[in-house]
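Secondary and tertiary structure notes
What follows is the residue order along each chain.
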Amino acid sequence: MCKIRFHNTVSSTKMILYSLIVSGLFVASCQPEVVEVVKEVPVEKVVEVEKVVEVDSAPGSLVVYSGRSEKLVQPIIDQFAAASGIEVEVKYGKTAEMAAVLLEEGNNSPADVFWAQDPGGLGAVAEAGMFADLPADVLANVDSKFQSKNGNWVGVSGRARVIVYNTATIDPEKDLPSDLWGFVEPEWKGRLGWAPTNGSFQAMVTALRSTWGEDKTKEWLQGIMANDVGVYPKNTPQVAAAAAGEIDVGFVNHYYLHRFIAAEGENFKARNYFLTGGGPGSLVMVAGVGRIDTGANEDNAMKFINFLLSPVAQQYFAGQTYEYPLVEGVKIHRELTPIAELPKIDIDLSDLVDLQGTVDLLTEVGALE
Amino acid sequence: MIFFFRNTSPVKVVLWFTGALVASLLLLPIGYLLLRASEAGDSIWSILFSYRTARILLKTVYLAVAVTLGSALVAVPIAWLTVRTDLPMRRLWAILTTLPLVVPSYVGAYLFISVLGPRGILQQWLEPLGVKELPKLYGFPGAFLVLTLLSYPYILTTTRAALMRMNPVLEEASRNLGDGPWGTFWRITLPQLRPGLAAGGLLVALYVLRDFGAVSFMRYSTFTRVLYIQYQSSFDRTGAAVLALVLILLTLLVLFIEIRTRGRANYYGGHVGAVGNPIQIKLGHWRWPSLFFCAGIVVLSLVLPASILAYWLFREINITMSYSSLWMSAWNSLFASGLASGLVLLASIPVAWLSVRKKGRFAILLERISYSAFALPGIVVALALVFFGANYANPIYQTVYLLLFGYLIMFLPQAVGALRTSFLQISPSIEQAARTLGKNPLMVFRTITVPVSWSGIAAGIGLVFLTVMKELPITLILGPLGFSTLATSVWSAVEEAMFGAAAAPALLLILLSSVPMASIILRESLN
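Keep in mind that what you see is a predicted model, and the values were worked out from it rather than measured.

Examining the overall build of chain A
Of regular secondary structure, chain A possesses 14 helices and 10 strands. Here chain A holds 369 residues, and the buried ones make up 53% of them. Summarising the internal contacts of chain A: among those between residues at least 6 apart in sequence, 76% fall at separations of at least 24.

Quick notes on the overall build of chain B
Of the regular secondary structure elements, chain B holds 24 helices and 0 strands. Relative to its length of 527 residues, chain B is compact, with a C-alpha radius of gyration of 23 Å against a globular reference of 24 Å. Reported as C-alpha extents along the three principal axes, the dimensions of chain B are approximately 65 × 60 × 50 Å. A burial count over chain B gives 54% of its 527 residues as buried. Sequence-distant contacts in chain B: of pairs separated by 6 or more residues, those separated by 24 or more amount to 83%.

Looking at the interface of chain B and chain A
Across the boundary between the two partners, chain B contributes 48 residues, which contact 50 residues of chain A. Of all the secondary-structure elements, those providing two or more residues to the side of chain B that touches chain A are α5 (105-116), α11 (213-217), α12 (223-234), α15 (323-357), α17 (378-392), α22 (473-478), α23 (486-495) and α24 (499-526) of chain B. Sort the elements by how many residues they give to the side of chain B that touches chain A and α17(B) lands first, with 6 residues. In terms of residue class, the side of chain B that touches chain A is made up of 24 nonpolar, 18 polar and 6 charged.

Some details on the packing of helix α10 (residues 235-244) of chain A against helix α11 (residues 255-264) of chain A
Residue and element names in this part refer to chain A. Packing of α10 against α11 leaves a shortest axis separation of 10 Å and a crossing angle of 60°. Put simply, α10 runs oblique to α11. Our pair here, α10 against α11, has a crossing hand that is right-handed. In contact with Asn235, Thr236, Val239 and Ala243 of α10, α11 contributes Tyr256, Leu257 and Phe260. When its residues are assigned to classes, the contact of α10 with α11 shows 5 nonpolar, 2 polar and no charged.

Structural notes on the confidence of the model for chain A
In this model, chain A carries an average pLDDT of 83, and 83% of its residues clear a pLDDT of 70 or more. Segment residues 1-51 of chain A is flagged for pLDDT under 50; beyond a separation of four residues in sequence, or across chains, it makes 76 contacts in the model.

Remarks on the nonpolar core
Burial of nonpolar side chains together is a common tendency in soluble globular proteins. The biggest cluster of nonpolar side chains holds 280 residues, and the ones touching the most others in it are A:Val113 and A:Phe114. It is helix α18 (residues 400-424) of chain B that contributes the most residues to this core, 17 residues altogether. Leaving out residues up to four positions away in the same chain, A:Phe114 has contacts with A:Tyr65, A:Met98, A:Leu102, A:Val125, A:Val289, A:Gly290 and A:Ile292.

A short note on the pairing of strand β2 (residues 87-92) of chain A
Residues and elements named next belong to chain A. A large share of β2 lies buried, amounting to 5 of its 6 residues. For strand β1 (residues 61-66) and β2, the ladder comprises 6 bridges, and the chain directions are parallel. Looking at the pairing, Ser61 lines up with Glu87 of β2. Handedness of the β-α-β unit built from β1, helix α3 (residues 70-84) and β2 comes out right-handed.

Examining the environment of A:Glu89
Inspection of the secondary structure assignment puts A:Glu89 in strand β2. For the pair formed by A:Glu89 and A:Met225, sequence separation is 136 residues and the distance between their alpha carbons is 44 Å.

Topic: the pairing of strand β8 (residues 270-273) of chain A
A regular strand carries its side chains on alternate faces of the sheet. Residue and element names in this part refer to chain A. Burial of β8 is one-sided: the residues Ala270 and Asn272 facing one way are buried, the residues Arg271 and Tyr273 facing the other way are not. Alignment of strand β4 (residues 154-166) against β8, held across 4 bridges, turns out to be antiparallel. Residue pairing in the sheet places Val164 in a bridge with Asn272 of β8.

Focus on helix α20 (residues 441-452) of chain B
Residue and element names in this part refer to chain B. For α20, which comprises 12 residues, the first-to-last C-alpha distance of 15 Å matches the rise-based estimate of 16 Å (1.5 Å per residue) to within 8%. Taken together, the buried positions of α20 are Pro441, Val444, Thr449 and Val452. Buried positions in α20, seen along its axis, are confined to an arc of 60° and lie on one side of it. Projecting away from the buried face of α20 at angles above 90 degrees are the exposed residues Leu442, Met443, Arg446, Thr447, Val450 and Pro451. Buried residues along α20 sit in contact with α1 (10-38) and α19 (428-436).

What to know about unusual backbone geometry
One non-glycine residue, A:Asp228, lies in positive phi territory at about 55°. Following the sequence through the fold, A:Asp228 ends up in the loop between α9 (214-226) and β6 (230-231). Despite not being glycine, B:Met89 has its phi angle at roughly 55°, a positive value. Locating B:Met89 in the fold gives a position in the loop between α3 (51-84) and α4 (90-98).

Overview of the domain arrangement of chain A
Residues and elements named next belong to chain A. Each assigned domain of chain A is listed with its residue range as follows: domain 1 (61-158 + 285-340) and domain 2 (160-283 + 343-364). Using only C-alpha atoms to locate each centre, domain 1 and domain 2 end up separated by 26 Å. At the junction of the two partners, domain 1 supplies 18 residues and domain 2 supplies 15 residues. Every element with two or more residues in the side of domain 1 that touches domain 2 is listed here: α5 (119-127) and β9 (284-291). Here the side of domain 1 that touches domain 2 gets 3 residues from one element, more than from any other, and that element is α5. Its residues placed into classes, the side of domain 1 that touches domain 2 shows 6 nonpolar, 7 polar and 5 charged.

Details of the confidence of the model for chain B
Residues and elements named next belong to chain B. For chain B, per-residue confidence averages 85 on the pLDDT scale, and 93% of positions sit at 70 or higher. Across residues 270-274, confidence stays below pLDDT 50; counting only partners more than four residues off in sequence or on other chains, it has 4 contacts. Confidence metrics for the complex model read pTM 0.85 and ipTM 0.86.

Some details on α23(B)
Residue and element names in this part refer to chain B. A large share of α23 lies buried, amounting to 10 of its 10 residues. Listed as buried for α23 are Leu486, Ala487, Thr488, Ser489, Val490, Trp491, Ser492, Ala493, Val494 and Glu495. Ala497, located one to two residues past α23, shows a positive phi value of around 60°.

How each quantity is defined
- Residues numbered from 1 in each chain as written.
- Chains lettered and ligands numbered in written order.
- Predicted model: local features only at pLDDT ≥ 70, side-chain atom pairs only at ≥ 80, totals over all residues.
- Helix = DSSP H or I, 4+ residues; strand = E, 2+ residues; numbered from the N terminus.
- Buried ≥ 20, exposed ≤ 12 C-beta atoms within 10 Å, placed from the backbone.
- Contact = placed C-beta atoms within 7 Å.
- Rg over C-alpha atoms; globule rule 2.2 N^0.38 Å.
- Nonpolar A, V, L, I, M, F, W, Y, C, P; charged D, E, K, R; others polar.
- Axes fitted to C-alpha atoms, helices over the stretch in contact; angles between N-to-C directions.
- Parallel < 35°, antiparallel > 145°, perpendicular 65-115°, else oblique.
- Left-handed = near helix turned anticlockwise from the far one by under 90°.
- pLDDT = per-residue confidence, 0-100.
- Core = buried A, V, L, I, M, F, W, Y, C linked by C-beta atoms within 7 Å.
- Pairing = 2+ DSSP bridges.
- Right-handed = clockwise from strand over helix to strand, strands pointing away.
- Expected span 1.5 Å × (residues − 1).
- Arc of directions from axis to C-beta.
- Domains from an automatic or database assignment.

Printed below as a string of structure tokens:
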């Protein structure tokens, strides 16, 4: 068995020295023609990965703009590259920045595929008309809740909005309310945290607006702020703060907790809580992908998108990044609550387009300061 | 007038030509912002002209002023101690105290919160003593602390360079006339340091204006944070452009203050000879407090962050790490930073030289323009170059060349500031003498200007090197496809709460940065 790592750092820079180092690495390690890759996934069984994509004579190349982080997705991109023989070049950045880059590049964009962390970024690119329509058979893989209405982007993996709580001070059965509204009670004063600039949080607020209406959402935001909520720049410091006891409760995405536990062990003093009453507080958000219309490598882009929706890739997200697979029949991580057991929430992600309205509301109540 | 007294001098032509070229490059971001701002919708104007924005602007200015003063209070004593006194191990302190500049502000802020936060590591140590919670770090205190500790090296570097080149004659005279070391420092040394202090202070103030990482972790709203929210939440590039233009206006205000601080005096000695050896001051019983001060700053700004990183690394020592990609990132970091510091230095020479020796309107304008982009968050400069690169310069788009242009636009002021301070300390009469002895301008520059202003050149190279090492948005956006550096590896890991994976590249970043800094500082002490 031989593991191939594609350093696309190398292939693109056209620097002689780099290519020397790389060819050295290849010669020293193993022949690049070997395409068998075995991936171990710590779910219940080891999944043997067979060749997913046929290797043709000239596989060509593919340019991916990724708003998802290299640490999360490079391994699965490497698998795709190894299995298909396609030379994959990736540009990493934050989703909003990658979307802005795509919009600036316009028709001259070198990108074939945009893989974004949240629907907001996909929506901005879709609105500029830069995405091609995806074929119906691709879209059919995923619940229509998790794709664009126009069929120009599709969800790849999911994350749930949850409550992260400190295990020393909170007994989830007794102390935690069944829905978000419960946190406006004065007993939560000084004990809450949120990340109002975070994309997933704002999507949740957009969902609140569409289910509760503007007035009740505003009242909720003001109620939380009246409880002296701690403002964090994003999810991870909130999880850390909940474990340290700086806050008792934070509004976050579910998967960061599992990475903290993986790093710090089972003694990590925070856990997730799914609001039993349902509602937008347990919204499932997706990372998704779309094909750039002007991209030069249409076939490879479609191979890549199909690969991301294949059982292999879906299993990777379930096992390695603690996400929810969006394709039927893929086992989730044993620490997660199955998506089917989450409180039902009837919201299409493509309905959550009015981000500006959410930003305006957050600004109005003073949450963005 | 001295340097270019012959109208036909090819050197003059080259200088003005490069100067103009650099200036036009630097105008790219402004051109882009004007273009985008002209397309902005109505909503941005209501954001811009609101009570809230005005308050955030005031808070931003307040933080910038406070951090600049705080940095000066940290940096000037260290500069003076490591250049002018018999402080033990002063070269080591000189190296260590410049390194905090390489710590990315979001990493620094995260580390400070995990130690000094209300329920951080320090509180856990103090728990047995009954300390339930530390005073709030969030807000102004945290932002001030982190930004001061990470950006005082700007002032330190420019001030050290100025101290090293300062003509000792005045100080000797002051001592001979009966002033003590303190009197001499206040009455002679400090006023002479004005240009160096002003150059460094300018860099600190502008850095505070554009920082996003520290202020967002510390919950202090600055103008840059509002600008980021436009990109992040609304995907609104046109609104963000309007806000960025406001940042440029703020920059002009800061520049105006800097010109006032800088003064119009001459800073070179009256005589033509080379600078003699300055008096080394014996610290005596001030030795221990001085050592304690330097050590305290190094512990807070460098040892503390580095030990937490080391702790993360050892906690997860068995995590799978790809060493080959770590080395690749390290090589990319060194490669990009090395090339960038060379390029930026070359581009800064005409700008700094013209602004010191030619007092004309264009020379002044040129120097001002060179600072224009420095307060812009990296994302703005990067998007400007994406726009021009993808649409008008496709062959160099997503190549190392465009990446280097990005660094040039961002970091030119650092080199200009350092160089300018040094050039000011060279008496034109030395060069004049060399010219009358028949040397051509280029030889004068090579044999006199460069050696004499070496401390400024070294400071400029050092500053650019360290800041490129940690640079994130430009590297991510303008780098060739798949180009990863140590800074991007750290970011990618921290972003996903994989702290063990972030520790190795972060420590390597600090370690590798210390090598060129050490060689610069050891070399200057040989001179």
